[in-house]
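Read off the chains here:
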Amino acid sequence: MTLVCQASKFLTLTPRPYQDVMLKCMTTEITTHISHTLYMHRYGLIIPSKKTTCKPMMKKPAVFGDDSSDDEERAHKEVNLSLIEESQKKKQMKQTQIEIQKALKEDPTVYEYDAVYEEMEEKKKAASFKVPKKDKKPKYIESLLKAAAARKREFERTVERQVQKEREQEKGEFDDKEAFVTEAYLLKSSLNLRTSLL
């Protein structure tokens, strides 16, 4: 309530044309103050509200241009400010040029980014070519292949035994027919005999 009392006193002292603007500014200040005090006691998701700022009233130019001295002073100030900014920019440019010269004196390849990058890439490529990759063979594949070959031989032996039993059961049915034996069969049977003896 103290803010409201102060605002009402202040409004009575201000001239009538400015009271509306001042009232808007004060109401925004009061609402922000109240919302700030309530903000401390809120829970959950708090979305901040957009603060409205009151813009100062622009001074309207005189009808007959009575404020020529003010305009000239303002123009001089603007020119002086722009000159000061330009001088600061020039000083900054000189400073950067001096720093660039110092860096070039220390190391002439400071700003040669592309050449340095290409050298780095070449070094990486050279390092990758120098290190020969070992032929990585699977650890257990040889033993697996040997076991598979042994199982295959065992299966072939069982098949041969079955065929031999069938022939013994037939005994003399096909004695009058010719028997053809290929070289591959003879080779295979000799290998089977050798492996069975080992």
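The Sequence similarities (unreviewed entry) field of the UniProt record for the protein holds the comment "Belongs to the NSRP1 family."

**Q** Explain the overall build of the protein to me, using residue names and the numbers behind them.
**A** Along its length, the protein carries six helices and zero strands. Going residue by residue from the N terminus, the α and β elements of the protein occur as α-α-α-α-α-α. Within the protein, buried positions represent 6% of all 198 residues. Accessible surface, the protein: about 19900 Å² in total, of which carbon and sulfur atoms supply 60%.

**Q** How would you sum up the pattern of salt bridges? Please name residues and give values.
**A** Scanning the model with the defined rule gives three salt bridges in all. Between R157 and E154 there is a salt bridge, and its shortest N-O distance comes to 3.2 Å. Separated by three residues within a single helix, R157 and E154 lie in helix α5 (residues 141-170), roughly one turn from each other. Classification of E154 as partly exposed rests on a relative accessible area of 37%. In this structure, E156 engages K188 in a salt bridge whose closest nitrogen and oxygen atoms are separated by 3.6 Å. Highlighted residues: E156 in helix α5 and K188 in helix α6 (residues 183-197), separated in sequence by 32 residues. The class of K188 is partly exposed, set by a relative accessible area of 40%.

**Q** Could you give an account of a negative patch on the surface, with specific residues and numbers?
**A** A contiguous patch of negative charge on the surface is contributed by E106, D107, E112, D114, E118, E119 and E122. Considering every element that reaches the negative patch, the biggest residue donor is helix α4 (residues 113-130), with four residues. Its place among the elements puts D107 in the loop between α3 (68-106) and α4. D107 sits in the partly exposed class, given a relative accessible area of 35%.

**Q** An account of a nonpolar patch on the surface is needed here, citing residue identities and associated values.
**A** Taken together, Y140, I141, L144 and L145 make up a surface patch of nonpolar side chains, about 440 Å² in accessible area. The residue L144 is located in helix α5 in this model.

**Q** Residues and numbers for the packing of α5 against α6, please.
**A** Interaxial distance between α5 and α6 falls to 11 Å at its minimum, and their mutual angle equals 115°. Overall, the two elements α5 and α6 adopt an arrangement that is roughly perpendicular. Helix-helix and strand crossings are classified by hand; for α5 and α6 the assignment is left-handed. For the pair α5 and α6, contact is made by R153, E156, R157 and E160 and by K188, N192, T195 and S196, respectively. In terms of residue class, the contact of α5 with α6 is made up of no nonpolar, three polar and five charged.

Definitions and cut-offs
- Residues numbered from 1 in each chain as written.
- Predicted model: local features only at pLDDT ≥ 70, side-chain atom pairs only at ≥ 80, totals over all residues.
- Heavy atoms only, no water.
- UniProt positions renumbered as here; feature names shortened; annotations may be inferred.
- Helix = DSSP H or I, 4+ residues; strand = E, 2+ residues; numbered from the N terminus.
- Buried < 20%, exposed > 50% of the residue type's maximum accessible area, 1.4 Å probe, protein only.
- Areas by Shrake-Rupley, 256 points an atom, 1.4 Å probe, with all protein chains shown as cover.
- Salt bridge = Lys/Arg side-chain N within 4 Å of Asp/Glu carboxyl O.
- Patch = residues over 30% accessible without salt bridge, like charges linked within 9 Å, V, L, I, M, F, W, Y side chains within 5 Å.
- Lys, Arg positive; Asp, Glu negative; His and termini not counted.
- Charge placed at Lys NZ, Arg CZ, Asp CG, Glu CD.
- Axes fitted to C-alpha atoms, helices over the stretch in contact; angles between N-to-C directions.
- Parallel < 35°, antiparallel > 145°, perpendicular 65-115°, else oblique.
- Left-handed = near helix turned anticlockwise from the far one by under 90°.
- Contact = heavy atoms within 4.5 Å.
- Nonpolar A, V, L, I, M, F, W, Y, C, P; charged D, E, K, R; others polar.

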